[in-house]
Amino acid sequence: MKTMKKQTIAIVRVPYLSVYNLLDVREEPIASSLAGYLDSVGAAFEVFDFHLDRSVNVDTLIEFGASAYILCVRGTGLHWKYALKISQHLLSKTEARVIFYGQTGKLQYSTSP
């Protein structure tokens, strides 16, 4: 069954490595600047950070039931691999829009639907 909430945005910091560095607690400026903007215009949103919150997984995102998932990506590491996998799960199990935001230049080379 597909799930979706009304007009709620999920900002998602996707993984960039297959293993996490427990000491890497740096803020992601792409996600932070977007969150600041959405807050300033009064939009309802939640941030899901695979790096800062080890309990976040795809099921967490689906259960949240956003109307749009914004996947923050960079052109480094394995961001695209994980962003594409996460987007495929979200598109197949929700009715939400999935948006790639950030350094999206590699998107033109993607062969995923």
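The structure contained in this document is the topic of the report that follows. Only a predicted model underlies this, so the values are computations on that prediction, with no experimental measurement involved. (Residues numbered from 1 in each chain as written. Predicted model: local features only at pLDDT ≥ 70, side-chain atom pairs only at ≥ 80, totals over all residues. Heavy atoms only, no water.)

**Quick notes on the sheet that holds strand 1 (residues 9-13)**
So, step 1. The sheet built from four strands is open, its strands ordered 2-1-3-4 with parallel pairing. Both edges of this open sheet fall to strand 2 (45-49) and strand 4 (97-102), since each of them pairs with a single strand only. Strand-to-strand twist of the sheet, defined as the mean angle between neighbouring strand axes without regard to direction, takes the value 20°.
So, step 2. Bridge analysis of strand 3 (residues 68-73) against strand 4 gives six bridges, and the strand direction is parallel. Pairing of Tyr69 across the sheet is with Val98, part of strand 4.
So, step 3. Sheet contacts for helix 1 (residues 29-40): strand 1, strand 2, strand 3 and strand 4; angle to strand 1, the most-contacted strand, approximately 165°. (Pairing = 2+ DSSP bridges. Helix = DSSP H or I, 4+ residues; strand = E, 2+ residues; numbered from the N terminus. Axes fitted to C-alpha atoms, helices over the stretch in contact; angles between N-to-C directions. Contact = heavy atoms within 4.5 Å.)

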